[in-house]
Amino acid sequence: MTRPAGQVRLRVLVAAPGTGKSTWCRAQGNAAGVVLSTDCARAEVGEGDDDRNASDAAFDLVEQRAAEHLDEGRDVTIDATGARRQDRARWLALAAAHGAVPVAVRLRCSLLIALRRNRSRPRQVPALVVFRMWWAVRALPPERLLAEGFVHVEDVRTDEDRSG
Ligand SMILES: Nc1ncnc2c1ncn2[C@@H]1O[C@H](COP(=O)(O)OP(=O)(O)O)[C@@H](O)[C@H]1O
Ligand SMILES: [Mg+2]
(Lines give C-alpha, C1' and ligand atoms only; values in the text may rest on other atoms or scores of the structure.)
(Ligands and ions follow the chains in the order given, each with its own letter.)
Protein backbone atom coordinates (compact mmCIF):
# COMPACT_ATOMS: atom_id res chain seq x y z
CA MET A 1 0.00 0.00 0.00
CA THR A 2 1.33 3.46 -0.84
CA ARG A 3 0.31 6.80 0.63
CA PRO A 4 0.26 10.31 -0.79
CA ALA A 5 3.19 12.61 0.12
CA GLY A 6 2.87 14.00 3.64
CA GLN A 7 0.97 10.98 4.93
CA VAL A 8 3.63 8.33 4.83
CA ARG A 9 4.71 7.17 8.29
CA LEU A 10 8.08 6.35 9.73
CA ARG A 11 7.49 4.26 12.85
CA VAL A 12 10.39 3.97 15.23
CA LEU A 13 10.35 1.27 17.87
CA VAL A 14 11.56 2.22 21.33
CA ALA A 15 12.11 -0.96 23.33
CA ALA A 16 14.71 -3.02 25.16
CA PRO A 17 16.10 -6.22 23.64
CA GLY A 18 13.89 -9.19 24.46
CA THR A 19 10.72 -7.10 24.60
CA GLY A 20 9.47 -8.86 21.51
CA LYS A 21 10.05 -6.13 18.92
CA SER A 22 10.65 -8.39 15.95
CA THR A 23 7.81 -10.73 16.97
CA TRP A 24 5.44 -7.76 17.34
CA CYS A 25 6.46 -6.40 13.92
CA ARG A 26 5.70 -9.75 12.31
CA ALA A 27 2.30 -9.88 14.04
CA GLN A 28 1.45 -6.42 12.66
CA GLY A 29 1.51 -7.69 9.09
CA ASN A 30 0.77 -4.94 6.55
CA ALA A 31 0.04 -2.38 9.26
CA ALA A 32 3.78 -2.03 9.93
CA GLY A 33 4.56 -1.30 6.27
CA VAL A 34 8.11 -2.23 5.39
CA VAL A 35 9.95 -3.47 8.50
CA LEU A 36 13.68 -2.74 8.49
CA SER A 37 15.70 -4.35 11.26
CA THR A 38 19.14 -3.16 12.28
CA ASP A 39 19.92 -6.70 13.52
CA CYS A 40 19.15 -8.12 10.06
CA ALA A 41 21.26 -5.37 8.49
CA ARG A 42 24.16 -6.25 10.85
CA ALA A 43 23.92 -9.84 9.64
CA GLU A 44 23.98 -8.61 6.03
CA VAL A 45 26.95 -6.26 6.28
CA GLY A 46 28.82 -7.87 9.18
CA GLU A 47 29.40 -11.29 10.68
CA GLY A 48 26.01 -11.77 12.30
CA ASP A 49 23.01 -9.99 13.77
CA ASP A 50 24.98 -9.28 16.95
CA ASP A 51 28.09 -7.91 15.19
CA ARG A 52 28.44 -4.56 16.98
CA ASN A 53 31.39 -3.63 14.74
CA ALA A 54 28.94 -3.56 11.84
CA SER A 55 26.53 -1.18 13.57
CA ASP A 56 27.48 1.97 11.65
CA ALA A 57 27.22 0.26 8.27
CA ALA A 58 23.99 -1.48 9.33
CA PHE A 59 22.36 1.80 10.37
CA ASP A 60 23.48 3.42 7.11
CA LEU A 61 21.94 0.56 5.13
CA VAL A 62 18.65 0.74 7.04
CA GLU A 63 18.56 4.50 6.58
CA GLN A 64 19.20 4.25 2.85
CA ARG A 65 16.51 1.61 2.38
CA ALA A 66 14.04 3.49 4.57
CA ALA A 67 14.59 6.63 2.49
CA GLU A 68 13.83 4.76 -0.73
CA HIS A 69 10.62 3.25 0.63
CA LEU A 70 9.41 6.54 2.12
CA ASP A 71 10.05 8.32 -1.18
CA GLU A 72 7.93 5.69 -2.89
CA GLY A 73 5.07 6.30 -0.43
CA ARG A 74 5.46 3.20 1.70
CA ASP A 75 5.25 3.28 5.48
CA VAL A 76 8.39 2.04 7.22
CA THR A 77 8.92 0.57 10.69
CA ILE A 78 12.43 0.65 12.14
CA ASP A 79 12.95 -2.53 14.20
CA ALA A 80 15.75 -1.38 16.50
CA THR A 81 15.91 -0.58 20.19
CA GLY A 82 15.61 3.21 19.71
CA ALA A 83 16.53 3.57 23.36
CA ARG A 84 19.30 6.10 22.71
CA ARG A 85 18.32 9.66 21.95
CA GLN A 86 20.97 10.00 19.25
CA ASP A 87 19.46 7.05 17.34
CA ARG A 88 15.96 8.47 17.59
CA ALA A 89 17.30 11.83 16.38
CA ARG A 90 18.66 10.12 13.31
CA TRP A 91 15.26 8.62 12.44
CA LEU A 92 13.51 11.93 13.15
CA ALA A 93 15.90 13.67 10.73
CA LEU A 94 15.22 10.97 8.15
CA ALA A 95 11.45 11.46 8.49
CA ALA A 96 11.84 15.23 8.12
CA ALA A 97 14.05 14.88 5.05
CA HIS A 98 11.50 12.62 3.33
CA GLY A 99 8.25 14.30 4.37
CA ALA A 100 7.22 11.38 6.60
CA VAL A 101 5.22 11.54 9.83
CA PRO A 102 7.47 10.27 12.64
CA VAL A 103 5.69 7.91 15.03
CA ALA A 104 7.32 6.36 18.10
CA VAL A 105 6.13 2.94 19.20
CA ARG A 106 7.16 2.38 22.80
CA LEU A 107 6.99 -1.34 23.47
CA ARG A 108 7.26 -2.58 27.02
CA CYS A 109 6.99 -5.73 29.09
CA SER A 110 8.21 -6.56 32.58
CA LEU A 111 11.97 -6.79 33.11
CA LEU A 112 11.64 -10.44 34.08
CA ILE A 113 9.89 -11.26 30.80
CA ALA A 114 12.43 -9.29 28.74
CA LEU A 115 15.30 -11.16 30.42
CA ARG A 116 13.57 -14.51 29.95
CA ARG A 117 12.77 -13.84 26.28
CA ASN A 118 16.33 -12.66 25.70
CA ARG A 119 17.58 -15.97 27.11
CA SER A 120 15.32 -17.88 24.72
CA ARG A 121 16.93 -16.28 21.67
CA PRO A 122 19.67 -18.05 19.71
CA ARG A 123 21.92 -14.98 20.11
CA GLN A 124 21.57 -13.32 23.46
CA VAL A 125 22.26 -9.75 24.44
CA PRO A 126 24.17 -9.45 27.76
CA ALA A 127 21.64 -9.27 30.61
CA LEU A 128 23.16 -5.98 31.76
CA VAL A 129 22.38 -4.40 28.38
CA VAL A 130 18.77 -5.60 28.58
CA PHE A 131 18.56 -4.21 32.10
CA ARG A 132 20.01 -0.79 31.14
CA MET A 133 17.81 -0.38 28.08
CA TRP A 134 14.72 -1.57 29.94
CA TRP A 135 15.28 1.22 32.47
CA ALA A 136 16.01 3.76 29.74
CA VAL A 137 12.70 2.96 28.00
CA ARG A 138 10.79 2.96 31.28
CA ALA A 139 12.21 6.41 32.08
CA LEU A 140 11.09 7.77 28.70
CA PRO A 141 7.50 8.94 28.96
CA PRO A 142 5.47 9.57 25.78
CA GLU A 143 5.61 13.33 26.51
CA ARG A 144 9.40 13.24 26.13
CA LEU A 145 9.11 11.46 22.81
CA LEU A 146 6.57 14.03 21.62
CA ALA A 147 8.91 16.82 22.76
CA GLU A 148 11.71 15.25 20.71
CA GLY A 149 9.58 15.62 17.60
CA PHE A 150 7.49 12.47 17.25
CA VAL A 151 3.99 13.36 16.08
CA HIS A 152 2.34 10.33 17.71
CA VAL A 153 3.44 7.91 20.38
CA GLU A 154 1.92 4.44 20.64
CA ASP A 155 2.46 2.84 24.04
CA VAL A 156 2.16 -0.93 23.72
CA ARG A 157 2.55 -3.76 26.25
CA THR A 158 3.96 -7.06 25.02
CA ASP A 159 3.77 -9.04 28.30
CA GLU A 160 1.06 -11.37 27.06
CA ASP A 161 2.44 -14.75 26.03
CA ARG A 162 1.53 -15.29 22.39
CA SER A 163 3.76 -18.28 21.79
CA GLY A 164 0.92 -20.77 22.07
N1 LIG B 1 4.39 -12.02 23.02
C2 LIG B 1 5.26 -13.04 23.08
N3 LIG B 1 4.90 -14.22 23.65
C4 LIG B 1 5.75 -15.24 23.74
N5 LIG B 1 7.02 -15.21 23.28
C6 LIG B 1 7.46 -14.06 22.71
C7 LIG B 1 6.60 -12.93 22.58
N8 LIG B 1 7.31 -11.94 21.99
C9 LIG B 1 8.54 -12.44 21.77
N10 LIG B 1 8.64 -13.72 22.19
C11 LIG B 1 9.82 -14.58 22.12
O12 LIG B 1 10.87 -13.91 22.83
C13 LIG B 1 12.09 -13.98 22.11
C14 LIG B 1 12.56 -12.58 21.78
O15 LIG B 1 11.62 -11.98 20.89
P16 LIG B 1 12.06 -10.96 19.77
O17 LIG B 1 10.83 -10.58 19.02
O18 LIG B 1 13.22 -11.50 19.02
O19 LIG B 1 12.53 -9.72 20.68
P20 LIG B 1 13.36 -8.43 20.28
O21 LIG B 1 13.27 -8.28 18.79
O22 LIG B 1 12.72 -7.29 21.02
O23 LIG B 1 14.74 -8.64 20.80
C24 LIG B 1 11.82 -14.85 20.89
O25 LIG B 1 12.20 -16.17 21.20
C26 LIG B 1 10.32 -14.74 20.69
O27 LIG B 1 9.78 -15.90 20.10
MG1 LIG C 1 14.63 -8.24 17.24
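So, a few notes on the structure that sits alongside this text. (Residues numbered from 1 in each chain as written. Chains lettered and ligands numbered in written order. Predicted model: local features only at pLDDT ≥ 70, side-chain atom pairs only at ≥ 80, totals over all residues. Heavy atoms only, no water.)

A sheet is described by the order of its strands in space; here 5 strands give the open sequence E2-E3-E1-E4-E5, paired in parallel fashion. Of all strands in the sheet, those bounded by a partner on one side alone are strand E2 (34–37) and strand E5 (152–157). Each neighbouring strand pair of the sheet contributes to a mean axis angle of 20°, computed without reference to strand direction. Bridging between strand E4 (residues 101–108) and E5 involves 6 bridges; their strand directions are parallel. Following the sheet pairing, Arg 106 is matched in E5 by Asp 155. (Pairing = 2+ DSSP bridges. Helix = DSSP H or I, 4+ residues; strand = E, 2+ residues; numbered from the N terminus. Axes fitted to C-alpha atoms, helices over the stretch in contact; angles between N-to-C directions.)

Moving on, we come to the environment of Ala 5. Counting through the fold element by element, Ala 5 comes out in the segment before strand E1 (9–14). Sequence-wise, Ala 5 and Arg 116 are 111 residues apart; in three dimensions their C-alpha atoms are separated by 42 Å.

Here we take up the nonpolar core. In this structure, Leu 10, Leu 70, Val 76, Ile 78, Trp 91 and Leu 94 are the most contacted members of the largest nonpolar core, which totals 37 residues. When residues of this core are traced back to their parent elements, those giving at least two are E1, E2, helix H3 (55–71), strand E3 (76–79), helix H4 (85–97), helix H5 (111–120) and helix H6 (127–138). At 7 residues, the largest contribution of residues to this core is made by H3. The residues contacting Leu 94, other than those within four sequence positions of it, are Leu 10, Glu 63, Ala 66, Ala 67 and Leu 70. The next biggest cluster of nonpolar side chains, apart from the first, holds 7 residues, and it includes Trp 24, Cys 25, Leu 107 and Val 156. (Core = buried A, V, L, I, M, F, W, Y, C linked by side-chain atoms within 4.5 Å. Buried < 20%, exposed > 50% of the residue type's maximum accessible area, 1.4 Å probe, protein only. Contact = heavy atoms within 4.5 Å.)

Turning our eyes to something else, we now look at the site of ligand 1. What surrounds ligand 1 is a group of 16 residues, the closest being Lys 21, Thr 23, Arg 121, Glu 160 and Arg 162. Contact between ligand 1 and Thr 23: an oxygen atom at 2.5 Å from a side-chain N or O atom of the residue. Protein chains shield 80% of the accessible area of ligand 1, which is 560 Å² for the free molecule. Those elements giving two or more residues to the shell around ligand 1 turn out to be helix H1 (21–28) and H5. If you tally residues by element for the shell around ligand 1, the top one is H1, at 3 residues. Counted by class, the shell around ligand 1 contains 2 nonpolar, 8 polar and 6 charged residues. (Near = heavy atom within 4 Å. Polar contact = N/O pair within 3.5 Å; in protein donor to acceptor, adjacent residues only side chain to side chain. Areas by Shrake-Rupley, 256 points an atom, 1.4 Å probe, with all protein chains shown as cover. Nonpolar A, V, L, I, M, F, W, Y, C, P; charged D, E, K, R; others polar.)

Moving on, we come to the packing of aromatic side chains. Given two aromatic rings, one states the distance between the centres and the angle between the planes to describe the pair. A full pass over the atoms with the stated rule returns 2 aromatic pairs. Here the aromatic rings of Phe 59 and Trp 91 are separated by 5.8 Å at their centres, their planes lie at 20°, and the arrangement is stacked. Within this pair, whereas Phe 59 is found in helix H3, its partner Trp 91 is found in helix H4, the two being separated by 32 residues in sequence. The buried category is assigned to Phe 59, whose relative accessible area is 10%. Accessibility expressed as a relative area gives 1% for Trp 91, which makes it buried. Arranged with centres 5.3 Å apart and planes meeting at 85°, the rings of Trp 134 and Trp 135 form a pair that is edge-to-face. Among the residues examined, Trp 134 registers a relative accessible area of 15% and is labelled buried. For Trp 135, a relative accessible area of 42% puts it in the partly exposed group. The cationic tip of Arg 90 hangs over the ring face of Trp 91; the distance from NZ or CZ to the ring centre is 5.9 Å. (Phe/Tyr/Trp six-rings, centres within 6.5 Å; stacked < 30°, edge-to-face > 60°. Lys NZ or Arg CZ within 6 Å of the ring centre and 35° of its normal.)

Moving on, we get to the pattern of salt bridges. Under the definition given, this model contains 16 salt bridges. For Asp 155, the salt bridge is made with Arg 106, and the minimal N-O distance between the two is 3.1 Å. Here Asp 155 is found in strand E5, whereas its partner Arg 106 is found in strand E4, with 49 residues between them in sequence. Note on Arg 106: relative accessible area 3%, which makes it buried. (Salt bridge = Lys/Arg side-chain N within 4 Å of Asp/Glu carboxyl O.)

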